[in-house]
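Residues per chain, in single letters:
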Amino acid sequence: MAARSLRLLSLRGSLYFRGSPCVFSTAAQQRSTGDECGPEDPRDESKHPLSDPALEHKAIKLEEQVRDLTERYRKALADSENVRRRTQKFVEDAKLFGIQSFCRDLVEVADILEKTAESAAEEAEPSNPNPTLKKIYEGLSLIEAKLQSVFAKHGLQKMNPVGGKYDPYDHEIICHVPAEGMQPGTIALVTQDGYKLHGRTIRHALVGVAVESQE
């Protein structure tokens with residue numbers, strides 16, 4: 001019995017001593033592995049640093065991109081401002097000249113009224129004692145004056161080109177007359193009045209231009 005106990009103790013001791021190198025060996029391996037997997041050398045963190053020439057080249061490219069984007073922004077801003085101005089001008093012109101066609105028709109009514117008033121004036125001469133014609137003439141004169149006042153209120157004005165220089169943008173020549181006491185090239189007579197709406201000609205004046213007489 002005692003011999004059997006001694007053999008058991010001997011076997012346990014042998015296993016203990018046999019396991020110890022394994023334990024020590026495993027710890028050594030762990031220390032070795034830990035050393036390999038430990039933090040890298042700080043000197044290895046930047047293995048490929050950017051050199052100074054590379055940084056300068058990159059900075060130059062970035063400055064070029066900034067200049068290009070700035071120039072594009074300025075151009076876009078200028079284009080936007082031009083569009084805004086054109087749109088504003090279009091709206092203003094639409095407000096001013098939206099009645100242009102109506103004015104063209106209305107000045108024809110003014111022509112008829114003016115001719116009628118002139119005819120009534122000829123009939124209502126002092127030698128003619130008819131008071132009715134005189135009243136008609138006075139009424140037509142008042143209407144004509146009021147109509148011209150309304151025209152002026154809305155920017156519609158009659159041209160008075162007699163004695164002035166011929167302008168193809170405002171006048172249309174229908175005849176030539178001898179320059180008697182007038183400088184050649186000036187307007188001697190008007191057969192139909194011209195009109196402007198806010199400075200824009202909406203109907204040309206029909207005129208006769210003075211020319212030198214050839215004897």
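Before any of the text, the structure's been laid out above.
Below you will find a few notes about this structure. (Residues numbered from 1 in each chain as written. Predicted model: local features only at pLDDT ≥ 70, side-chain atom pairs only at ≥ 80, totals over all residues. Heavy atoms only, no water.)

Core analysis: the largest hydrophobic core is formed by 14 residues, its most contacted members being Phe151, Leu156, Tyr195, Leu197 and Ile202. Contributing elements (two or more residues each) for this core: α3 (100-123), α4 (131-153) and β4 (195-197). Among the elements that line this core, the one with the most residues is α3, at six residues. Those residues in contact with Leu156 that sit more than four places away from it in its chain are Cys103, Val107, Phe151, Tyr195, Lys196, Leu197 and Ile202. In terms of nonpolar packing, the next biggest core, distinct from the first, is built from five residues, Met159, Ala205, Val207 and Val209 among them. (Core = buried A, V, L, I, M, F, W, Y, C linked by side-chain atoms within 4.5 Å. Buried < 20%, exposed > 50% of the residue type's maximum accessible area, 1.4 Å probe, protein only. Helix = DSSP H or I, 4+ residues; strand = E, 2+ residues; numbered from the N terminus. Contact = heavy atoms within 4.5 Å.)

So, about the packing of aromatic side chains. Within the structure shown, the criterion is met by one aromatic pair. Ring centres of Phe151 and Tyr195 lie 6.0 Å apart, and the angle between their planes is 90°; this geometry places the pair in the edge-to-face category. Here the residue Phe151 occupies a position in helix α4, and Tyr195 occupies one in strand β4, the gap between them amounting to 44 residues. Judged on exposure class, the residue Phe151 and its partner Tyr195 are both buried. One residue, Arg200, lies across the ring of Phe97, its end atom 3.7 Å from the ring centre. (Phe/Tyr/Trp six-rings, centres within 6.5 Å; stacked < 30°, edge-to-face > 60°. Lys NZ or Arg CZ within 6 Å of the ring centre and 35° of its normal.)

This paragraph deals with α3. Taking 1.5 Å as the rise per residue, α3 with 24 residues should run 34 Å; its terminal C-alpha atoms sit 35 Å apart, in good agreement. Within the span of α3, buried status applies to Gln100, Cys103, Val107, Ala110, Asp111, Leu113, Glu114, Ala117 and Ala120. Considering only its buried residues, α3 is in contact with α2 (52-97), α4, β1 (156-158), β3 (187-192), β4 and β5 (200-203). (Expected span 1.5 Å × (residues − 1).)

A separate point is the pattern of salt bridges. Summed over all chains, the structure comprises eight salt bridges. With a closest N to O distance of 2.8 Å, Asp93 and Lys89 form a salt bridge. Taken together, the residues span about one helical turn, with Asp93 and Lys89 both in helix α2 at a distance of four residues. Relative accessible area serves as the criterion here: at 21%, Asp93 is assigned to the partly exposed category. In this structure Lys89 comes out as partly exposed when scored by relative accessible area, which is 46%. The shortest N-O distance in the salt bridge between Arg203 and Asp111 comes to 2.7 Å. With Arg203 in strand β5 and Asp111 in helix α3, the pair connects residues that are 92 residues apart, well separated along the chain. You can call Asp111 buried: its relative accessible area is 12%. Overlapping salt bridges bring together Glu81, Arg84 and Arg85 as one network. (Salt bridge = Lys/Arg side-chain N within 4 Å of Asp/Glu carboxyl O.)

Time to look at the packing of α3 against α4. Axes are the key here: two packed helices are described by the angle between their axes and the distance separating the axes. Contact geometry for α3 and α4: axes closest at 9 Å, N-to-C directions at 150°. Judged by the inter-axis angle, α3 sits roughly antiparallel to α4. Here α3 runs over α4; the crossing is left-handed. Contacts from Leu106, Val107, Ala110, Leu113, Glu114, Thr116, Ala117, Ala120, Ala121 and Glu123 of α3 reach α4 at Leu133, Tyr137, Leu140, Ile143, Glu144, Leu147, Gln148 and Phe151. Considered class by class, the residues forming the contact of α3 with α4 number 13 nonpolar, two polar and three charged. (Axes fitted to C-alpha atoms, helices over the stretch in contact; angles between N-to-C directions. Parallel < 35°, antiparallel > 145°, perpendicular 65-115°, else oblique. Left-handed = near helix turned anticlockwise from the far one by under 90°. Nonpolar A, V, L, I, M, F, W, Y, C, P; charged D, E, K, R; others polar.)

Function cannot be read off these values alone, since they describe shape.
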